[in-house]
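Close look at the chain arrangement
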Amino acid sequence: VTVEYMQSQLCVIAAREGAIPELIQEGRNGLFYTDYNYTELANLIKKCFYNRNLIKQLGNQARIDAIKNFCIENNFTKIIDVYEKICNSKNTIPTK
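Residues numbered from 1 in each chain as written. Predicted model: local features only at pLDDT ≥ 70, side-chain atom pairs only at ≥ 80, totals over all residues. Heavy atoms only, no water.

**Points about the overall build of the protein chain**
Helix and strand counts for the protein chain come out as 5 helices and 2 strands. For the protein chain, the N- to C-terminal ordering of α and β elements is α-β-α-β-α-α-α. In terms of overall size, the protein chain is more extended than a compact globule, its C-alpha atoms giving a radius of gyration of 18 Å where 96 residues would be expected to give roughly 12 Å. For the protein chain, the spread of C-alpha atoms along the three principal axes comes to 60 × 30 × 20 Å. A buried classification covers 24% of the 96 residues belonging to the protein chain. A separation threshold of at least 6 residues defines the contact pool for the protein chain, and within that pool the share at least 24 residues apart is 44%. Both charge centroids of the protein chain, one from 12 positive and one from 10 negative side chains, sit 5 Å from each other. (Helix = DSSP H or I, 4+ residues; strand = E, 2+ residues; numbered from the N terminus. Rg over C-alpha atoms; globule rule 2.2 N^0.38 Å. Buried < 20%, exposed > 50% of the residue type's maximum accessible area, 1.4 Å probe, protein only. Contact = heavy atoms within 4.5 Å. Lys, Arg positive; Asp, Glu negative; His and termini not counted. Charge placed at Lys NZ, Arg CZ, Asp CG, Glu CD.)

**Details of the side chain of Thr 2**
As for its position among the elements, Thr 2 is in helix H1 (residues 2-7). According to the relative accessible area criterion, Thr 2 is buried, its value standing at 15%.

**Here's the deal with the packing of helix H3 (residues 38-50) against helix H4 (residues 52-70)**
The interhelical angle for the contact between H3 and H4, taken along N-to-C directions, is 100°, at an axis separation of 4 Å. Regarding the angle of H3 to H4, the classification is roughly perpendicular. Across the interface between the two elements, Lys 47, Cys 48, Phe 49 and Tyr 50 from H3 touch Arg 52, Leu 54 and Ile 55 from H4. (Axes fitted to C-alpha atoms, helices over the stretch in contact; angles between N-to-C directions. Parallel < 35°, antiparallel > 145°, perpendicular 65-115°, else oblique.)

**Looking at the side chain of Asp 65**
Tracing the chain through its elements places Asp 65 in helix H4. For Asp 65, a relative accessible area of 5% translates into the label buried. Here Asp 65 is in contact with Met 6, Arg 28, Asn 29 and Phe 70, once residues within four sequence places are set aside.

**Focus on the packing of aromatic side chains**
Here a ring pair, both rings aromatic, is described through the centre-centre distance and the interplanar angle of the planes. Overall, the coordinates contain 2 aromatic pairs when judged by the stated rule. Between the aromatic rings of Tyr 36 and Tyr 38, the centroid separation amounts to 6.5 Å while the plane-to-plane angle is 85°, which identifies the pairing as edge-to-face. This pair shows no difference in class: Tyr 36 is exposed, exactly as Tyr 38 is. Here the aromatic rings of Phe 49 and Tyr 50 are separated by 5.0 Å at their centres, their planes lie at 90°, and the arrangement is edge-to-face. Since its relative accessible area comes to 48%, Phe 49 is described here as partly exposed. With relative accessibility at 65%, the residue Tyr 50 sits in the exposed group. (Phe/Tyr/Trp six-rings, centres within 6.5 Å; stacked < 30°, edge-to-face > 60°.)

This is the structure in structure tokens:
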């Protein structure tokens, strides 16, 4: 879901947990709050509410990063590259 928000040019405010830190770079394409710290979350929402330029900046960069790093075509190409490396590898799996 986070990637879809990024592709939609939305400002992402997310808890710093799971795989989300692999997608978001703090202050570049989104903002983080500490999990279960609702005061911190509220402050980030307030910060964005009063700074519309920040929302646009983070959203624009989020879209650029999502398209560059997470679009289906790029992911497909990366998977094929890994597959080809495995198939062309001289290393073999030992058998018993």
